[in-house]
Amino acid sequence: MSAAPQKTFYLETFGCQMNVHDSERLAGILEGDGLVAAEGVEDADVVVLNTCCIRENADNKLYGHLGHLKAVKDRRPDLQIAVGGCLAQKDRDIIQQRAPWVDAVWGTHNVGRAGDLLATAGATGSPVLEILDATLDDDEAFPSALPVRRDQAWTAWVTIQIGCDNNCAFCIVPSVRGPEISRPFGQIVREVEDLAAAGTVEVTLLGQNVNSYGRDLTTRLRGEVDWHHHAEVTGAAWATAERPRARPLFADLLRDVARIDGIRRVRYTSPHPKDLRPETIEVMATESAVCPHLHLPLQAGSDRILALMHRGYTAARYLEKLAAARAAVADLAVTSDIIVGFPGETESDFERTLEVVAEAGYDSAYTFIYSPRPGTEAAGRTDEMIPAQVAAERFERLRIVVERSALARHQARLGRTEEILVEGPSKRDAGVVSGRTAQGKLVHFPAAGMLPAGTWADVRITRAAPHFLAGELLAVTCRPSHRTRIPVVAG
Ligand code: 5AD
Ligand code: SF4
């Protein structure tokens with residue numbers, strides 16, 4: 001007699017790295033419950049949509065998707081459909097009102113309940129909804145203890161903070177993801193130690209505003225008498241002569257993580273320019289494992305627009321911080337986020353953005369057309385909205401300026417030998433593998449016999465384009481912790 005076939009799940013993820021990492025947790029939970037990953041919707045018993053609402057009208061897309069899933073469910077009534085993530089947190093019960101065939105809805109603070117909610121919906125035959133609001137007292141807000149199914153062993157996202165205490169006028173994140181909560185220092189260090197012991201060589205520390213990491217930790221410990229717990233939360237070293245501070249800074253965390261044995265690349269995203277401190281730059285300059293890459297979202301170049309956005313810096317201040325970072329960190333790559341068409345943006349405001357972007361000399365930038373997000377301050381300024389055609393034209397002009405500096409930065413690397421951490425085969429070309437430099441640059445190079453993800457390779461750069469580099473393989477090192485060079489090309 002053969003065993004009953006295992007139940008399967010299919011996960012679709014929208015949005016940022018936070019969501020990608022939440023999906024890894026969802027996969028870990030579902031696999032822990034005995035389910036296996038399916039290839040697609042058609043062969044899945046459970047379909048989970050992990051949603052995002054930061055930049056676009058994801059609503060229409062979601063309901064379109066759910067309409068399609070309803071047709072599948074009409075054919076296969078046992079199919080379970082679940083919606084999690086930011087849009088679920090924001091819309092709460094609206095999802096099941098508009099799509100009553102959805103079995104389970106959860107928010108951003110209770111990913112860990114996914115398995116239970118699906119089980120309850122399955123057992124009762126009724127839809128379930130559970131959305132939590134994280135509070136500052138809530139140590140459980142961190143789903144860090146949840147099982148994680150990572151696609152790759154060699155690289156890992158590590159959440160250090162959730163939520164955001166800023167109030168950028170365009171941004172829905174604070175209202176959806178809640179106030180900033182820093183994850184206890186000791187917990188983060190321990191997770192990275194465990195990852196390193198399991199072969200992870202690269203970690204990316206994740207938060208909405210990583211530079212303010214730790215700001216809430218001492219507040220949360222007010223009245224705390226358990227010193228062991230205190231040390232765990234704030235990092236044991238916070239009170240040493242070397243670092244006599246009442247709370248840890250992001251720089252302390254970055255340094256301690258970078259010094260963990262086996263960790264060779266530490267990345268982080270995203271810092272806020274107003275909170276970028278010299279201590280962070282110093283750690284980037286002195287710790288060899290911290291990648292020379294700074295993602296520093298500018299958003300706009302006009303001081304008038306920056307003030308309307310409540311960004312807390314002027315263009316001159318931004319450029320000063322950038323210059324200080326470049327002076328301190330050798331061969332620093334700088335990337336950015338920029339919005340065009342913010343309500344009230346004039347042609348001369350936009351031209352200032354072009355000037356500042358050109359002066360910043362970015363390696364790349366994510367550029368966005370402003371989209372009004374419900375409940376945000378900027379969305380209320382309906383009489384100052386920029387016509388779509390004007391925004392599209394500005395977007396195109398900005399793209400040209402960004403690509404010009406990206407190409408120049410990439411051309412400057414021609415002929416250099418770069419150390420690449422391989423990510424896998426190129427999506428377009430069999431026989432070509434892709435990986436990244438320490439600066440985060442994508443490099444494609446031909447390799448006979450595929451190099452597995454996680455391989456280290458020395459590659460000479462032979463071609464530069466705005467969004468990638470190409471090169472030729474000089475040597476590979478298969479085992480990251482024992483860097484034996486195996487030359488494959490003479491000279
Ligand atoms: N419209 C366009 N872009 C936005 N971003 C955030 N909110 C909006 C919005 N309403 C962009 C910002 C931010 C990035 C993550 O998304 O540039 O840095
Ligand atoms: Fe949004 Fe500003 Fe917070 Fe970033 S810092 S998540 S843009 S409110």
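Residues numbered from 1 in each chain as written. Chains lettered and ligands numbered in written order. Predicted model: local features only at pLDDT ≥ 70, side-chain atom pairs only at ≥ 80, totals over all residues. Heavy atoms only, no water.

Draft legend 1. Here's a closer look at the site of ligand 1. The immediate surroundings of ligand 1 are formed by Ile54, Arg55, Phe170, Gln299, Asp337, Ile339, Phe368, Ile369, Tyr370, Ser371 and Arg373. Between ligand 1 and the protein, one listed contact pairs a nitrogen atom with a backbone N or O atom of phenylalanine 170 at 3.0 Å. Those elements giving two or more residues to the shell around ligand 1 turn out to be strand E13 (333-340) and strand E14 (364-369). Of the residues that constitute the shell around ligand 1, the class distribution is 6 nonpolar, 2 polar and 3 charged. (Near = heavy atom within 4 Å. Polar contact = N/O pair within 3.5 Å; in protein donor to acceptor, adjacent residues only side chain to side chain. Helix = DSSP H or I, 4+ residues; strand = E, 2+ residues; numbered from the N terminus. Nonpolar A, V, L, I, M, F, W, Y, C, P; charged D, E, K, R; others polar.)

Draft legend 2. Looking closely at the sheet that holds strand E5 (residues 104-106). Pairing within the open sheet is parallel, and its 6 strands lie in the order E2-E1-E3-E4-E5-E6. Taken across any chain shown, the strands that pair with only one partner, and hence form the sheet edges, are strand E2 (36-37) and strand E6 (128-130). Sheet analysis places E5 next to E6, joined by 3 bridges and oriented parallel. Of the residues in E6, the one forming a bridge with valine 105 is leucine 129. Contacts from helix H1 (residues 17-32) reach strand E1 (8-13), strand E3 (46-51) and E5, with the element oriented near 175° to E1. (Pairing = 2+ DSSP bridges. Contact = heavy atoms within 4.5 Å. Axes fitted to C-alpha atoms, helices over the stretch in contact; angles between N-to-C directions.)

Draft legend 3. A look at the side chain of aspartate 337. Relative to the helices and strands, aspartate 337 resides in strand E13. Apart from the residues within four sequence positions on either side, aspartate 337 is in contact with His295, Pro297, Leu298, Gln299, Tyr366 and Phe368.

Draft legend 4. Spatial organisation of the packing of helix H14 (residues 347-360) against helix H15 (residues 388-411). With their axes 9 Å apart at the nearest point, H14 and H15 run at an angle of 15° to one another. In terms of orientation, H14 lies roughly parallel with respect to H15. In terms of crossing hand, the pair formed by H14 and H15 is right-handed. Seen from H14, the contacting residues are Glu347, Phe350, Glu351, Thr353, Leu354, Val357 and Ala358; seen from H15, they are Arg394, Arg397, Leu398, Val401 and Val402. For the contact of H14 with H15, a count of residues per class yields 7 nonpolar, 1 polar and 4 charged. (Parallel < 35°, antiparallel > 145°, perpendicular 65-115°, else oblique. Left-handed = near helix turned anticlockwise from the far one by under 90°.)

Draft legend 5. Seen up close, the confidence of the model for the protein. For the protein, the average pLDDT comes to 87, and 87% of its residues sit at 70 or higher. Residue range residues 480-491 is modelled with pLDDT below 50. Its contacts to residues more than four positions away, or to other chains, number 24 contacts. (pLDDT = per-residue confidence, 0-100.)

Draft legend 6. Broad picture of the site of ligand 2. For ligand 2, the full set of nearby residues is Cys164, Asn166, Cys168, Phe170, Cys171, Val173, Pro174, Gln208, His272 and Arg311. The residue inventory of the shell around ligand 2, partitioned by class, reads 6 nonpolar, 3 polar and 1 charged.

Draft legend 7. Structural view of the pattern of salt bridges. A full pass over the atoms with the stated rule returns 33 salt bridges. A salt bridge links glutamate 42 to arginine 75; its shortest N-O distance comes to 3.5 Å. Note that glutamate 42 is positioned in the loop between E2 and E3 and arginine 75 in helix H2 (residues 58-75), a separation of 33 residues in sequence. For arginine 75, a relative accessible area of 57% puts it in the exposed group. What emerges from the salt-bridge pattern is a single network uniting Glu345, Glu347, Glu393, Arg394 and Arg397. (Salt bridge = Lys/Arg side-chain N within 4 Å of Asp/Glu carboxyl O. Buried < 20%, exposed > 50% of the residue type's maximum accessible area, 1.4 Å probe, protein only.)

Draft legend 8. Looking closely at the side chain of serine 212. Position of serine 212 relative to the elements: it lies in the loop between strand E10 (202-206) and helix H8 (217-220). Overall, the relative accessible area of 3% leaves serine 212 in the buried class. Polar side-chain contacts of serine 212 include one of 3.0 Å to the backbone oxygen of asparagine 209. Every residue in contact with serine 212, bar those within four places of it in the chain, is listed here: Gln161, Glu180 and Asp275.

Draft legend 9. View of unusual backbone geometry. For the bond running from threonine 269 to serine 270, omega is -5°, close enough to zero to count as cis. Mapped onto the elements, serine 270 comes out in the loop between strand E11 (265-269) and helix H11 (278-286). Phi is positive for arginine 92, which is not a glycine, with a value near 45°. Mapped onto the fold, arginine 92 is located in the loop between helix H3 (86-91) and helix H4 (94-98). Residue classification places arginine 92 among the partly exposed residues on the basis of a relative accessible area of 28%. The phi torsion at glutamine 299 lies on the positive side, around 70°, for a residue other than glycine. By the secondary structure assignment, glutamine 299 is in the loop between strand E12 (293-295) and helix H12 (303-308).

Draft legend 10. Geometry of H1. Over its 16 residues, H1 extends 22 Å from the first C-alpha to the last, a length consistent with the 22 Å expected when each residue adds 1.5 Å. With 12 of its 16 residues buried, H1 lies for the most part within the structure. By the burial criterion, the buried members of H1 are Met18, Asn19, His21, Asp22, Ser23, Glu24, Arg25, Leu26, Ala27, Gly28, Ile29 and Leu30. (Expected span 1.5 Å × (residues − 1).)

Draft legend 11. Expanded view of the sheet that holds E12. Reading across from one edge, E12-E13-E14 is the order of the 3 strands in this open sheet, with parallel pairing throughout. Both outer strands of the open sheet, E12 and E14, are each paired with one neighbouring strand and no more. Mean inter-strand twist for the sheet, computed between neighbouring axes without regard to direction, equals 10°. Lying on the sheet, H15 is in contact with E13 and E14; it crosses E14 at an angle near 175°.

Draft legend 12. Expanded view of the packing of aromatic side chains. Per the stated rule, a full pass over the model turns up 3 aromatic pairs. Relative to tyrosine 268, the ring of phenylalanine 250 lies with its centre 4.9 Å away and its plane at 65°, an arrangement referred to as edge-to-face. A residue pair is termed long-range when its members are at least 10 positions apart, and phenylalanine 250 in helix H10 (residues 250-258) and tyrosine 268 in strand E11 qualify at 18 residues. Note on phenylalanine 250: relative accessible area 1%, which makes it buried. For the cation-ring pair, arginine 98 lies above tyrosine 63, with the distance from its terminal atom to the ring centre recorded as 3.7 Å. A cation sits over an aromatic face here: arginine 264 above tryptophan 456, 3.6 Å from the ring centre. (Phe/Tyr/Trp six-rings, centres within 6.5 Å; stacked < 30°, edge-to-face > 60°. Lys NZ or Arg CZ within 6 Å of the ring centre and 35° of its normal.)

Draft legend 13. Spotlight on the environment of aspartate 252. Looking at where aspartate 252 falls in the secondary structure, it is placed in helix H10. As for aspartate 252 and glutamate 279, which are separated by 27 residues in sequence, their C-alpha atoms are 8.4 Å apart.

Draft legend 14. Region of interest: the pairing of strand E17 (residues 442-446). Here E17 shows a buried face lined by Val443 and Phe445 and an unburied face lined by Leu442, His444 and Pro446. Pairing between strand E16 (residues 432-436) and E17: 5 bridges, direction antiparallel. Residue pairing in the sheet places valine 433 in a bridge with phenylalanine 445 of E17. The antiparallel pairing of E16 with E17 creates a hairpin that spans 5 residues between the two strands, and glycine 440 there sits at a positive phi of about 95°. By the bridge criterion, 2 bridges tie E17 to strand E19 (residues 469-477) in an arrangement that is parallel. Bridged to valine 443 within E19 is leucine 469.

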